[in-house]
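# Observations on the model geometry
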Amino acid sequence: MPVPPEPVLRATVRWLERLPASGVARVRALFTTHGDFSDITPTQYDAAYTWIQETGLLGGVNNGVPVNCRVFDAAMAQSGVPWFRDADMLIRSPDELPEDALRAAAVLDLTQEEAYAQVNAAWGKVDTEERSRIGSAGELALLELLSESAEGRVEHVAAWSDGYGYDIFVDAYQHSAHLEVKTTVRVGRLTVYISRNEYETMLRDPAWELVTVRLTPELKLTSVAAVPKDWIADHVPSDRTARGRWESCRLDIPPEVPVPGIPSVAPMLAETAPELLRGVPVP
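Residues numbered from 1 in each chain as written. Predicted model: local features only at pLDDT ≥ 70, side-chain atom pairs only at ≥ 80, totals over all residues. Heavy atoms only, no water.

## Digging into the packing of aromatic side chains
Note the following rule: Aromatic contacts are taken between Phe, Tyr and Trp rings whose centres are within 6.5 Å, Trp giving its six-membered ring; a plane angle under 30 degrees counts as stacked, one over 60 as edge-to-face, and the others as tilted. Each helix is a run of DSSP H or I of at least 4 residues and each strand a run of E of at least 2, with the numbering of both proceeding from the N terminus. Accessible area is worked out with a 1.4 Å probe on protein chains only. A residue is then buried under 20% of its type maximum, exposed over 50%, and partly exposed in between.
Applying the stated criterion across every chain, the model contains 8 aromatic pairs. Between phenylalanine 31 and tyrosine 45, the ring centres sit 4.2 Å apart and the planes meet at 10°, which makes this aromatic pair stacked. One end of the pair, phenylalanine 31, is in helix 2 (residues 24-33); the other, tyrosine 45, is in helix 3 (residues 42-55), and 14 residues separate them in sequence. Given the relative accessible area of 3%, phenylalanine 31 is considered buried. Here tyrosine 199 and tryptophan 246 contribute two aromatic rings whose centre-to-centre distance is 5.7 Å and whose plane-to-plane angle is 50°, an arrangement assigned as tilted. Remark: tryptophan 246 occurs in the loop between helix 9 (229-235) and strand 7 (248-253) and tyrosine 199 occurs in helix 8 (residues 196-204); sequence separation between them is 47 residues.

## Focus on the pattern of salt bridges
Put simply, the test is: By definition here, a salt bridge exists when the distance from a side-chain nitrogen of Lys or Arg to a carboxyl oxygen of Asp or Glu is within 4 Å.
All told, the structure shown has 18 salt bridges when counted by the stated rule. The residue arginine 133 makes a salt bridge to glutamate 130 at a minimum N-O spacing of 2.9 Å. Of this pair, arginine 133 and glutamate 130 both sit in helix 7 (residues 112-149), 3 residues apart, which is roughly one turn of the helix. A salt bridge links aspartate 239 to arginine 196; the shortest N-O distance between them is 2.7 Å. Taken as a pair, aspartate 239 in the loop between helix 9 and strand 7 and arginine 196 in helix 8 lie far apart in primary sequence, 43 residues in all. Take aspartate 239: its relative accessible area is 33%, and that puts it in the partly exposed class.

## A few points about the nonpolar core
For the record, the criterion: The criterion is simple. A nonpolar core is a set of buried Ala, Val, Leu, Ile, Met, Phe, Trp, Tyr and Cys residues joined through side-chain atoms within 4.5 Å. Note on contacts: a residue pair qualifies if any of its non-hydrogen atoms lie within 4.5 Å across the two residues.
Leu9, Trp15, Val71, Phe72, Met76, Trp83 and Val119 are the most contacted members of the largest nonpolar core, which totals 41 residues. Taken together, the elements giving at least two residues each to this core come down to helix 1 (6-18), helix 2, helix 3, helix 4 (67-77), helix 6 (99-107) and helix 7. Once residues lying within four places of it in the same chain are set aside, the contact partners of valine 71 are Leu9, Thr12, Val13, Leu16, Trp51, Leu57 and Leu108. Ala137, Leu179, Val181 and Leu277 belong to the second-largest nonpolar core, a separate cluster that totals 28 residues.

## Topic: the sheet that holds strand 3 (residues 175-184)
Worth spelling out the cut-off: Following DSSP output, two strands are said to pair if at least two bridges run between them. The axes used here are C-alpha line fits, helices contributing only the stretch in contact, and every angle between their N-to-C directions lies in the interval 0 to 180 degrees.
The 6 strands lie next to each other as 1-2-3-5-6-8, forming an open sheet whose pairing is mixed. Where the open sheet ends on each side, the last strands, each with one partner, are strand 1 (153-155) and strand 8 (259-260). In this structure, strand 1 lies alongside strand 2 (residues 168-172), joined through 3 bridges in antiparallel fashion. Looking at strand 2, one finds that valine 154 is bridged to valine 170. Along the sheet, helix 7 contacts strand 1, strand 2, strand 3, strand 5 (208-215) and strand 6 (221-227); its crossing angle with strand 3, the most-contacted strand, is approximately 145°.

## Focus: helix 3
The periodicity of an α-helix, 3.6 residues per turn, causes residues three or four positions apart to be oriented the same way. How we decide: What a helix should span is 1.5 Å times the count of its residues minus one. Think of the arc as the fan of directions from the helix axis to the C-beta atoms.
The first and last C-alpha atoms of helix 3 sit 20 Å apart over 14 residues, in line with the 20 Å expected at 1.5 Å per residue. All buried positions along helix 3 are accounted for by Tyr45, Ala48, Tyr49, Trp51, Ile52 and Thr55. Looking straight down helix 3, one finds its buried side chains confined to an arc of 160°; they lie on one side. What points out from helix 3, more than 90 degrees from its buried face, is the exposed set Thr43 and Glu54. Packing partners of the buried residues in helix 3 comprise helix 1, helix 2 and helix 4. Glycine 56, located one to two residues past helix 3, shows a positive phi value of around 80°.

Next comes the structure, spelled out in structure tokens:
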């Protein structure tokens, strides 16, 4: 669904400005009978109200965020614009905003700088929610696979604490693996976020391993790989002084870096373990 046309965006603002004080029927009657609102057709008002319902804007009529900002956020994040998913990579300054974002901003009386700030905020919120959903699915998919394939104890430690610096513990035959799991559904791009606690756990724990899991959009597991510790250490930020310290960073990992399978788990796999864990992707 593209960004709504100009009349629908303007009608959406009018709906949201008036709904907190009046019911739907009364506001609709105002729009269709009062001359001040005749620049927008009844069909466009109805389309705007339907869009409000579809995007969830109706549930936040009293949340205090300026109406034009809420409408712009919904137009960017929920209208299916193709660039929004990769906005962090594609839009690094206000001058790089796409035409559809600029048109919506002009309709909603937002400056280019304001629109850029709103895109960043909207993308960050959606990305955080999506990473949490995808991340949980990836951990559970890998946990299930390991529970069926490793001859030993497999525990989902992240289920009760995020302080360990890893998500899954595997132990068998005097071998241990502490797996920090990062999940993606994207093809051709692998971006992960690593916390300071995870990084420092990596430095002191020889059993720690960063495992990347790729899922289909339907959350089916398609590949498992490990990122070498040396590559991670070479690409995290450096603290320049004792008064400044990074706590989280983003790593954009080239496709040739991850090693298929999970090397630290290999000695603990049953003979019947699937090829996926041995480094062969699912077709």
